[in-house]
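As a plain string of letters, each chain reads:
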Amino acid sequence: SGANISDQFSRWSAAAVPAVINHSRLRAEGPSCLFVGPLETATQENLEALYRQARKAYYSGQPLIVDDMFDRVELKLRSYGSKYVVKYPRCSLRRHSTYADAEEDPSQVFALSSVWLLILGFGTSACLVPVAYAITRAYRDAFNSSGVFYAVELFSPLSCMLFVLFGAMVGYPIASASVGALRGLWVNDLVALKGICPHCGEEVYAFVGSKQWPHRVECHVCKSSLEFRTKVVESVSAPGKRWVYGRVYLIRAAKR
Ligand SMILES: [Zn+2]
């Protein structure tokens, strides 16, 4: 499909888009860059060609595009699911730091919110069950004044009140804590990220709120300082949908 791409490029240059520069002719002037048009509309094929060229140029000691652009091309290719973008830890061109990819793991946010919902359910029932019990009892007492059937009661009216009080004392803090946590999930727009530690290669996780980026963590295996940096790409085709991509940077390797 190499011929295809060059065909496409010549068509583009005809349409007054900056032309692709022929390498062999302009080698003396240093590396040239494929022009792929606006990144948003660039096809996977063209971006892959640019990515390959940029990477080759970088390793040959003549960086073709700046770090930022390289990152953006890589990000776009990742959203296409291109096989050209790698996942293993590597070096940042400019920052000279080691990093690895991190991706969103929605199942973890789901699991976390389910746990909090369960706790909320427990707290609410601790509050409400004694109240419901007290009400049914009062109701029963009012309609069964004979007291034949309910002669043996578990609780006296006083202990019934204490039961309600105790339920509220136990249940309310639990319920309000879980409501707070769930609201935090919602407000902070929490994203679960999973990636690999650039130092030891173990899988690392982090829950990162959109207002807390970048997010520092410690590798649970090698104790290196890591930083999660996240990018959120709003989907163009499906409004409201987003795609989260992050990186795990090695800040400081663990002391041995
Ligand atoms: Zn580690």
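Above this text you will find the structure in question.
Residues numbered from 1 in each chain as written. Predicted model: local features only at pLDDT ≥ 70, side-chain atom pairs only at ≥ 80, totals over all residues. Heavy atoms only, no water.

Asker: Could you give an account of the packing of aromatic side chains, with specific residues and numbers?
Answerer: Considering all chains together, one arrives at 2 aromatic pairs under this definition. Between Y133 and F163 the ring centres are 6.0 Å apart and the planes differ by 80 degrees, which places this aromatic pair in the edge-to-face class. Placement of Y133 in helix α5 (residues 106–143) and of F163 in helix α6 (residues 157–187) is noted, with a sequence separation of 30 residues between them. On the accessibility criterion, F163 (28% relative accessible area) is partly exposed. The residue whose ring lies beneath R229 is Y249, and the NZ or CZ to ring-centre distance is 4.0 Å. (Phe/Tyr/Trp six-rings, centres within 6.5 Å; stacked < 30°, edge-to-face > 60°. Helix = DSSP H or I, 4+ residues; strand = E, 2+ residues; numbered from the N terminus. Buried < 20%, exposed > 50% of the residue type's maximum accessible area, 1.4 Å probe, protein only. Lys NZ or Arg CZ within 6 Å of the ring centre and 35° of its normal.)

Asker: Before we move on, can you summarise α5 with the specific residues and values?
Answerer: For α5, which comprises 38 residues, the first-to-last C-alpha distance of 53 Å matches the rise-based estimate of 56 Å (1.5 Å per residue) to within 8%. Its maximal kink placed at S125, α5 deviates by approximately 30 degrees. Every buried residue of α5 is listed here: Q108, V109, S113, L120, G123, A126, C127, P130, A134 and R137. For α5, the secondary structure elements touched by its buried residues are α6, β3 (191–196) and β4 (203–208). (Expected span 1.5 Å × (residues − 1). Bend = angle between axes of the 7 residues up to and from the residue. Contact = heavy atoms within 4.5 Å.)

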